[in-house]
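If you want the building blocks of each chain, they are given just below.
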Amino acid sequence: MFARVKGKRLVLHPGAKMAESMTANAKEAQSFLQRPEIGRWLLRQSGIPVTTGKQAQPGWRTYKVSLYQEHVLHMERSVESPQWLLHRMEEPSYQQVALTVPDPEIQVVKSLAARSLYAAGIDAGEVTIMAASPHRQKVLQVEPEWPQPEKDRCMQQAKEWWESRLRQHPQEIEKLGADPEFALRKPTGEMALASDYLKVGGKVGCDTTRYREELAMHQHPIAELRPEPSEDPDELFFHILEGLQLAHKKLGNAKLEWIAGGMPFAGYPIGGHIHFSGMTATFALRRKLDAYLALPLVLIEDIGCRDRRQRYGFLGDCREKSYGFEYRTLPSWLVHPDITRGVLHLAKLIATSHTQLRATPHLQLPLIKAYYTGDKTALIPYVEQIWEELKGLPGYVLSRVYLDRYFSYLQNGHTWPAEMDLRTTWSLS
């Protein structure tokens, strides 16, 4: 179950030099966790397995993980206690786990704990997870509080980690990058393998993910663009256009259609990942990317995007990189140049202005539900509201032509042309 809030909220007091404050857990998010059914619902929406069992079954281990954002501060694991047939004879005791141990189960537990903390809408707390293997794990509890014996030490470790990350990436965007994907369709309607036409590397290649196990190791179904990053979103847009033109030369097969979107073929989800250099994927920044990039895009997404969210595209999906991070929530926005250009300009605006943005959909259950179910009607007034807010930002002026066109596209009531050949929408010849 999801425990009730105990004591005071966690408040981390940063040094005066910090570029972004370390804030307390939001009251609204804490109130969600006071109701176990809502806490479990939030996690399930993000594809996180949960359990209501209070005691691990024989053969399962229980982990207690204290975190600040995605950084694990302390971890304990249950010690197996004697059992009689299928029942434990006593409650298990716990031993501290070394965080550097390269155990696959521990690594998955750490990742699942961070995802759970984010999905619950909080920045700091303890997550309890039951695990039978690296592939069988369930979340038992998310609590917006660190355990009392470790609280002071966790506070200090969180502060040190935060300061270290800001020294590495001072939250000032340097360059914007992307690696959007697309699929190839035969005249018969069947999927063509990108690896039959493209190499793995290069500015235009195939993604190494195979998705389906029946494919051989050298068979890769999805094509991927790898444009040169840029400080200017418009320059990045033209790098993407150059990548599509290069793909046109490499493929050279007029009988193949190029398809983008969320899931052009059943079982083969594709994405439009955006890279941010010079920045750390703080929970606050992730939530602004969700609020101003991912949720509005639902208004024009096709059903494949909703289906993709059964396994991919959950809110706040980021991957840390040496240069900064990769935001992985979005489906492939290559479907139309106006959408591509708008997404890139909006991503840059969010990165440069995220501390000024006010929308908090992660604290509004109807908006979270609308995202995961693809409920466009519920999101229309929300998108109108954030568009007005964005127009008031100084940086909006620099991208006004493309962002006005983009938000007008979002509000025109049409679904994006995911079934249309990219060569047509991009006027490739």
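Let me begin by describing the structure that accompanies this report.

What counts, and where the lines are drawn
Residues numbered from 1 in each chain as written. Predicted model: local features only at pLDDT ≥ 70, side-chain atom pairs only at ≥ 80, totals over all residues. Heavy atoms only, no water. Axes fitted to C-alpha atoms, helices over the stretch in contact; angles between N-to-C directions. Helix = DSSP H or I, 4+ residues; strand = E, 2+ residues; numbered from the N terminus. Left-handed = near helix turned anticlockwise from the far one by under 90°. Contact = heavy atoms within 4.5 Å. 1 Å grid on protein atoms, 1.4 Å probe; cavity = no way out; pocket = protein on both sides within 12 Å on 5 of 7 lines; lining within 4 Å. Points joined across faces, edges and corners; volume = space filled by probe spheres on them. Nonpolar A, V, L, I, M, F, W, Y, C, P; charged D, E, K, R; others polar. Core = buried A, V, L, I, M, F, W, Y, C linked by side-chain atoms within 4.5 Å. Buried < 20%, exposed > 50% of the residue type's maximum accessible area, 1.4 Å probe, protein only. Pairing = 2+ DSSP bridges. Phe/Tyr/Trp six-rings, centres within 6.5 Å; stacked < 30°, edge-to-face > 60°. Lys NZ or Arg CZ within 6 Å of the ring centre and 35° of its normal.

## Regarding the packing of helix H5 (residues 233-251) against helix H8 (residues 337-353)
Move 1: Look at H5 against H8: their axes get within 9 Å of each other, and the N-to-C directions meet at 145°. Both H5 and H8 take part in a crossing whose hand is right-handed. For the pair H5 and H8, contact is made by Pro233, Asp234, Leu236, Phe237, Phe238 and Ile240 and by Pro337, Thr340, Arg341, Leu344, His345 and Lys348, respectively.

## Brief notes about empty space enclosed by the protein
Move 1: Inspection of the entire model under this criterion finds 1 cavity of 30 Å³ or more.
Move 2: The volume enclosed by the largest cavity comes to roughly 160 Å³.
Move 3: Around the largest cavity, the lining is made up of 15 residues, and of these Tyr118, Ala119, Leu315, His362 and Ile368 lie nearest the centre.
Move 4: Elements supplying a minimum of two residues to the lining of the largest cavity: helix H2 (36-45), helix H3 (104-119), helix H6 (283-297) and helix H9 (365-373).
Move 5: The dominant element in the lining of the largest cavity, judged by the number of residues it contributes, is H6, at 3 residues.
Move 6: Along the lines of polarity and charge, the residues of the lining of the largest cavity split into 9 nonpolar, 4 polar and 2 charged.

## Comments concerning the nonpolar core
Move 1: In this structure, Phe182, Phe276, Leu293, Trp333 and Ile339 are the most contacted members of the largest nonpolar core, which totals 83 residues.
Move 2: Contacts of Trp333, omitting those with residues within four sequence positions, involve Ala178, Pro180, Ile240, Gly272, His273, Ile274, Ile339, Thr340, Val343, Leu344 and Trp416.
Move 3: Of all hydrophobic cores here, the second largest spans 28 residues; its members include Val65, Met75, Val127 and Ala131.

## Quick notes on the sheet that holds strand S16 (residues 324-327)
Backbone hydrogen bonds hold the strands of a sheet together, and the pairing may be parallel or antiparallel.
Move 1: The strand order S8-S14-S16-S15 describes an open sheet built from 4 strands, whose pairing is antiparallel. The sheet terminates laterally at strand S8 (176-178) and strand S15 (318-321), the two strands that pair on one side only. Averaged over all adjacent pairs, the angle separating strand axes in this sheet is 25°, with direction ignored.
Move 2: Examined bridge by bridge, S8 and strand S14 (residues 274-277) share 3 bridges and lie antiparallel to one another. Note on S14: the bridge partner recorded for Gly177 is His275.

## So, the packing of aromatic side chains
For any two aromatic rings, the description comes down to two numbers: the centre-to-centre distance and the angle of the planes.
Move 1: Evaluated as defined, the whole model comprises 11 aromatic pairs.
Move 2: Plain terms: the ring middles of Tyr68 and Trp161 are 6.0 Å apart, the flat faces sit at 75° to each other, and that makes the pair edge-to-face. With Tyr68 in strand S1 (residues 61-68) and Trp161 in helix H4 (residues 151-168), this pair connects stretches of sequence that are 93 residues apart. Accessibility assignment for this pair places Tyr68 and Trp161 in one class, buried.
Move 3: Joined through ring pairs, the aromatic side chains of Tyr68, Trp161 and Trp162 make up one cluster.
Move 4: One Lys or Arg, Arg287, reaches over the ring of Tyr118 and ends 4.8 Å from the middle of that ring.
Move 5: Here the basic side chain of Lys391 rests over the ring of Trp387, its NZ or CZ set 4.0 Å away from the ring centre.

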